[in-house]
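Listed below, chain by chain, are the residues.
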Amino acid sequence: MTCKSARGEDPGKPGTVKIYLGWFHQFQFAGYYMAKELGYYEDEGLEVQLIPFDGSLGVDPILRNDYQYGIATAGQILGSESRDDLVVVSTILQQSPLALIVLRNSGIEFLKDLEGKKVGSGNELRAMLHAAGVDLSTIEFKNHTTHLGDLLSPNYDAISYYIIDSLPRREDFIIFRPIEYGINFYGECLYSTQHELSSNPDRIEAIQKATLKGWEYAVRNSSEVIEIIREKYNPDLTVKDLEREANVVINSLILTSFYPIGYNDMDKWAHIEKTLSRFITFENPVDWNEFIYQPERDSQRELLARVIRVLWIVGVTSGIIFLGLFIYNRQLRHAVRNRTKIIETAKDEIERKNTQLLNQKQELESLNYFKDKMLSVISHDVRSPLSTIQGLIEVTASGNISMEEFGEVAKHSRSKIQEINSFLENILYWAKNQLHGINLSVEPVNLSELSQMTVSLLSLSAENKAISITDNIPQDISVLADRETIKLVMRNLISNAIKFCNKNDKITLDAATLNGKVRVMVSDTGPGIEPEDLNKLFKSDQKSTPGSNNEVGTGLGLLLCKEFVEKNGGEIGVSSKVGEGSAFWFTVKLNES
């Protein structure tokens, strides 16, 4: 994290509840600022003091009872020798911002190159190194640091980096993110001690309630939060820095589209512990019912309510589409009747209007195909996952399932909701293109940012099938293209690879420049495509094929990819060998300015 100066806080009155932020004031603590500034803590009868970085890292300040509550990563909390004395109150960042960086001119290109080097990192980054096959015994692990100046000294070859922070010249560094190596830890977590839980159960519930309320407000009102941070907490941060931090925190790390703020998944915590146990020896297994705070109100109901809200939105959207198709179908029949009357009463102009009528007939056939395609997709490919989710909801609502079963239900529901969201986005883009055409907004676009955002969005689908995704797209490649259409192309190609790959397969993203263009490739180690089927891809009559786990699709994804790549002045293609995998590629204009 960027080391910024921060204003000190007043000492606080006796009885003040102190939350140790663990770092300097910046947007990653936005929810705590708003809970305090808007009086949410005060409404719960609490007087809260937010303590910035005092030189102490990890969970020791909380264990020493310097402060009652703290904020730390899952790796710091779960990797502590005293983890049995701690309790996780809420998880704010569903994905971790932690990464490892090296200087590009250091001669280190791959994680393997760090063997025999000096590395400043914590447990999460060690897990990434272990997953990459690095021999940890050869590395000299040093104190955790994020100070870029340490990379210029002989004391460090690699240091920690938070992706929410800016870099002076991004092209001077190579960034390694744990998620690229299958390591998906929780980010910033609000935690306390078992002693606090047993001694002050009402206070810990009040802290959680007010904090989550503050975060819900901060996510919706980031501009207001930025003003408050600069005015009251850290005036040295620029508006531009805070806007960039807010964008990464809200859109890439909290993931409110998929999880309630503060959501804890026992299965994910268990997976994190299993990952850490590969290089850390734990004396006792974790009692998850004690380790994860569960207030009297049932958090399952909150998640269930969120799923129901999403289903309601999907249902309303489907209803609007059905209504639009019904109205359009009536207009279509009316138009056909009118055109037929014109033909019957104007026989003497048949020859002159023959070409015109032929064009009109083709237009009507195209519109009719559009209608039939839409009805087919919605009636089968959207209704099918909706029926699945309805069944899951009914099982959950019955109350006859365990927490572990509920976690599986919730995870399966999220996956189905993501399928429906992808279906609807493809359908709406295709419908708009068919009826009105797509207006492109060409601008400089950083391909690496798009790929990271897309991989993050699809990480759950990949994890469910134990598929690893490696993003090798250089961070300094910029193209001239329409951001939204190219983002949709990348999402569809990666989503297709996940759909057809089997368990433990690998997906790789690459990009290279050639003759003023950038060639982007999404390759996989899946089953490959039969030669006779290759020529059927990218065509309007292509039928959707079930995935390796019987996933359904609209059949529109590759068609949209071809149309949008060509609208951006590029080409698209595929190569495949049965039993070895497939590679889809497309080109887009290089931004040479």
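Note: the structure precedes this text.
Keep in mind that what you see is a predicted model, and the values were worked out from it rather than measured.

About the cut-offs
Residues numbered from 1 in each chain as written. Predicted model: local features only at pLDDT ≥ 70, side-chain atom pairs only at ≥ 80, totals over all residues. Heavy atoms only, no water. Helix = DSSP H or I, 4+ residues; strand = E, 2+ residues; numbered from the N terminus. Buried < 20%, exposed > 50% of the residue type's maximum accessible area, 1.4 Å probe, protein only. Contact = heavy atoms within 4.5 Å. Areas by Shrake-Rupley, 256 points an atom, 1.4 Å probe, with all protein chains shown as cover. Pairing = 2+ DSSP bridges. Axes fitted to C-alpha atoms, helices over the stretch in contact; angles between N-to-C directions. Salt bridge = Lys/Arg side-chain N within 4 Å of Asp/Glu carboxyl O. Core = buried A, V, L, I, M, F, W, Y, C linked by side-chain atoms within 4.5 Å. Phe/Tyr/Trp six-rings, centres within 6.5 Å; stacked < 30°, edge-to-face > 60°. Lys NZ or Arg CZ within 6 Å of the ring centre and 35° of its normal.

Participant: Hey, could you go over the overall build of the chain for me, with residue numbers and the actual values?
Facilitator: Counting its regular elements, the chain contains 18 helices and 17 strands. Relative to its 593 residues, the chain shows a buried fraction of 51%. A sequence separation of at least 24 residues applies to 78% of the contacts in the chain between residues at least 6 apart. Counting only carbon and sulfur atoms, one obtains 49% of the accessible surface of the chain, whose full area is about 28400 Å².

Participant: Help me get a handle on the sheet that holds strand β5 (residues 98-103), residues and values and all.
Facilitator: Backbone-to-backbone hydrogen bonds pair the strands of a sheet. The strands run either parallel or antiparallel. If you trace the three strands from one edge of the open sheet to the other, you get β8-β5-β9, paired in antiparallel fashion. Among the strands making up the open sheet, the edge pair consists of β8 (159-162) and β9 (173-176). When strand polarity is set aside, the average angle formed by the axes of neighbouring strands in this sheet is 40 degrees. Here β5 pairs with β8 via four bridges, running antiparallel. Pairing of Leu98 across the sheet is with Tyr162, part of β8. Packing against the sheet, helix α5 (residues 123-131) makes contact with β5, β8 and β9, and its axis sits at approximately 70 degrees to β5.

Participant: Can you explain the pairing of strand β17 (residues 581-589)? Please cite residues and give values.
Facilitator: If a strand is regular, its side chains alternate between the two faces of the sheet. In terms of burial, β17 is a largely internal element, eight of the nine residues being buried. Relative to β17, strand β15 (residues 517-524) is paired through seven bridges, and the arrangement is antiparallel. Looking at β17, one finds that Val518 is bridged to Val588.

Participant: Give a description of the pattern of salt bridges that names residues and reports values.
Facilitator: Applying the stated rule across the entire model yields 14 salt bridges. A salt bridge links Glu140 to Lys142, with the nearest nitrogen and oxygen atoms 3.8 Å apart. Classification of Glu140 as partly exposed rests on a relative accessible area of 40%. Between Glu580 and Lys577 there is a salt bridge whose closest N-O contact spans 3.7 Å. Side by side, Glu580 and Lys577 carry an identical accessibility label, which is exposed. Salt bridges sharing partners connect three or more residues here, namely Arg169, Glu171 and Asp172.

Participant: How would you sum up the nonpolar core? Please name residues and give values.
Facilitator: The nonpolar side chains of a soluble globular protein tend to be buried with one another. Counting 104 residues, the largest nonpolar core has Ile19, Phe27, Tyr32, Leu100, Leu114 and Trp269 as the members making the most contacts within it. With nine residues, the single largest contributor to this core is helix α7 (residues 201-220). For Leu114, the contacting residues outside a window of four places in its chain are Leu100, Val102, Ile108, Val119, Leu129, Ile139 and Ala158. Counting residues in hydrophobic clusters, the runner-up holds 40 residues, among them Leu450, Val455, Ile467 and Leu509.

Participant: Mind laying out the packing of aromatic side chains, listing which residues take part and the relevant values?
Facilitator: Considering all chains together, one arrives at 10 aromatic pairs under this definition. Aromatic side chains Phe24 and Phe53 sit 5.4 Å apart centroid to centroid with 70 degrees between the ring planes, which places their arrangement in the edge-to-face category. You can see Phe24 sitting in the loop between β1 (17-20) and α1 (30-37) and its partner Phe53 sitting in the loop between β2 (48-51) and α3 (60-63), a full 29 residues away along the chain. Overall, Phe24 belongs to the buried group, its relative accessible area being 18%. Take Phe53: its relative accessible area is 21%, and that puts it in the partly exposed class. Through a chain of ring-to-ring contacts, the aromatic side chains of Tyr186, Trp269, Trp288 and Phe291 assemble into a single cluster. Above the ring of Tyr186, the side-chain terminus of Lys268 is found at 4.3 Å from the ring centroid.

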